[in-house]
Amino acid sequence: MHYTPYRDLLLKVFPNYLKVRKLPLNGGMSCPNLDGTKSYSGCSYCNNRSFSPVYDLAKVSIQEQLDQFVPKLRDKYPNAGILAYLQPYTNTHAPLEHLMGIINPIIRHKEIAGLAIGTRPDCLESDKVAYLGEVNQEKPVIVEIGLQTANDKTLAAINRRHTLAEFEDAVKRCQSVGLTVTTHVIVGLPGETMEDFKHTAQVVRNLHLAAVKIHPLHIVTGTVMAQDYIAGEFKLLEFEQYCEAVAEMIKIIGTETAIERFSGESPSDMLIAPNWCGERDKIIATVEKILENA
């Protein structure tokens, strides 16, 4: 195997379980890029509806979600560890007391093995990092910090409203209190080349991140990027170009960092392009073939 699969990381973090299953939950958070803290327009590629199955549960309490979803997952996977996953928007974008009110019931639930939190590097203030470090002493905490690209010009162009330096700082502070830190990156953002993809991979490697999700850029309805794409302002990578880029990135990342995925999909009624991004098995087979022949 030319890379470490995510399941190997989960076995390391949760040694008492042969399988771990994620349980998406909605903590009712917003995003600093949407609520006016930094911007009202959001990241140019992002529509939470396209990737979160619980995007519409913001007004349902965490306890209600646990009561509803945990028994169903437990019935399906009787022996698996359940990893609660605060997924939609930015799940540390709230005062610490509010955050504690969401996280504490999750951690106290006897069926929950651990917690994964999706967030941004600019929403991990020192008090929140310290609190998550304490929670991690009770049950494992995985902090997924979105990066998307290590190119500051691209970050500005896609309206991320944070820098690479802020990402690196957030990662190191989370690691310093013992948290397992992972990230997400997007391959194929407008204007980026193989050199950019390699640079992003090198940043992932240098920071000793526990895992990375690699996504192809896909265009979904309701985004600024969809308008730009339809207007012909940029082109997407072809299938082969994407697979070549992912293979190069995996070679650089090495085996210390697990690869959580390198495909990405959206509901068919929201996806504009490319038509291949959901072909998970084909993408995996092609990337692995490239790596075999390298």
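Residues numbered from 1 in each chain as written. Predicted model: local features only at pLDDT ≥ 70, side-chain atom pairs only at ≥ 80, totals over all residues. Heavy atoms only, no water.

We now examine the state of the cysteines. One pass over the full model with this rule turns up 0 disulfides. You can see Cys174 has no disulfide; the closest cysteine sulfur is in Cys123, sitting 12 Å from it. In this structure Cys174 comes out as buried when scored by relative accessible area, which is 0%. Note on Cys277: no disulfide assigned, nearest cysteine sulfur contributed by Cys243 at a separation of 12 Å. (Disulfide = S-S within 2.5 Å. Buried < 20%, exposed > 50% of the residue type's maximum accessible area, 1.4 Å probe, protein only.)

Let us look at the sheet that holds strand E2 (residues 20-25). Reading across the sheet, the 8 strands line up as E1-E9-E7-E6-E5-E4-E3-E2 and stay open at both edges, with parallel pairing between neighbours. Of all strands in the sheet, those with a lone pairing partner are strand E1 (4-5) and E2, marking the two edges. Note: strand E3 (residues 81-86) against strand E4 (residues 112-119), 5 bridges, orientation parallel. Paired with Ala84 across the two strands is Leu115, which belongs to E4. (Pairing = 2+ DSSP bridges. Helix = DSSP H or I, 4+ residues; strand = E, 2+ residues; numbered from the N terminus.)

We now examine the pattern of salt bridges. Taken as a whole and judged by the stated rule, the model has 11 salt bridges. Across the pair Glu111 and Lys110 runs a salt bridge whose closest N-O atoms are separated by 3.8 Å. Two residues, Lys282 and Glu279, come together in a salt bridge whose shortest N-O distance is 3.8 Å. Take Glu279: its relative accessible area is 34%, and that puts it in the partly exposed class. Through salt bridges with shared partners, a single network forms among Lys22, Glu144, Lys213 and Glu260. (Salt bridge = Lys/Arg side-chain N within 4 Å of Asp/Glu carboxyl O.)

Turning our eyes to something else, we now look at empty space enclosed by the protein. Overall, the coordinates contain 1 cavity of 30 Å³ or more when judged by the stated rule. The volume enclosed by the largest cavity comes to roughly 40 Å³. Forming the walls of the largest cavity are Val187, Gly188, Pro216, Leu217, Leu236, Leu237, Tyr242 and Trp276. Taken together, the residues that form the lining of the largest cavity break down as 7 nonpolar, 1 polar and no charged. (1 Å grid on protein atoms, 1.4 Å probe; cavity = no way out; pocket = protein on both sides within 12 Å on 5 of 7 lines; lining within 4 Å. Points joined across faces, edges and corners; volume = space filled by probe spheres on them. Nonpolar A, V, L, I, M, F, W, Y, C, P; charged D, E, K, R; others polar.)

What follows covers helix H9 (residues 239-253). End to end, H9 covers 21 Å across 15 residues, agreeing with the expected 21 Å (1.5 Å per residue, within 8%). Within H9, burial applies to Phe239, Tyr242, Cys243, Ala245, Val246, Ala247, Met249, Ile250, Ile252 and Ile253. Where H9 is buried, its residues contact strand E6 (180-187), helix H7 (194-206), strand E7 (211-216), strand E9 (258-261) and helix H10 (280-292). Once H9 ends, the next one or two residues include Gly254, with phi positive near 75 degrees. (Expected span 1.5 Å × (residues − 1). Contact = heavy atoms within 4.5 Å.)

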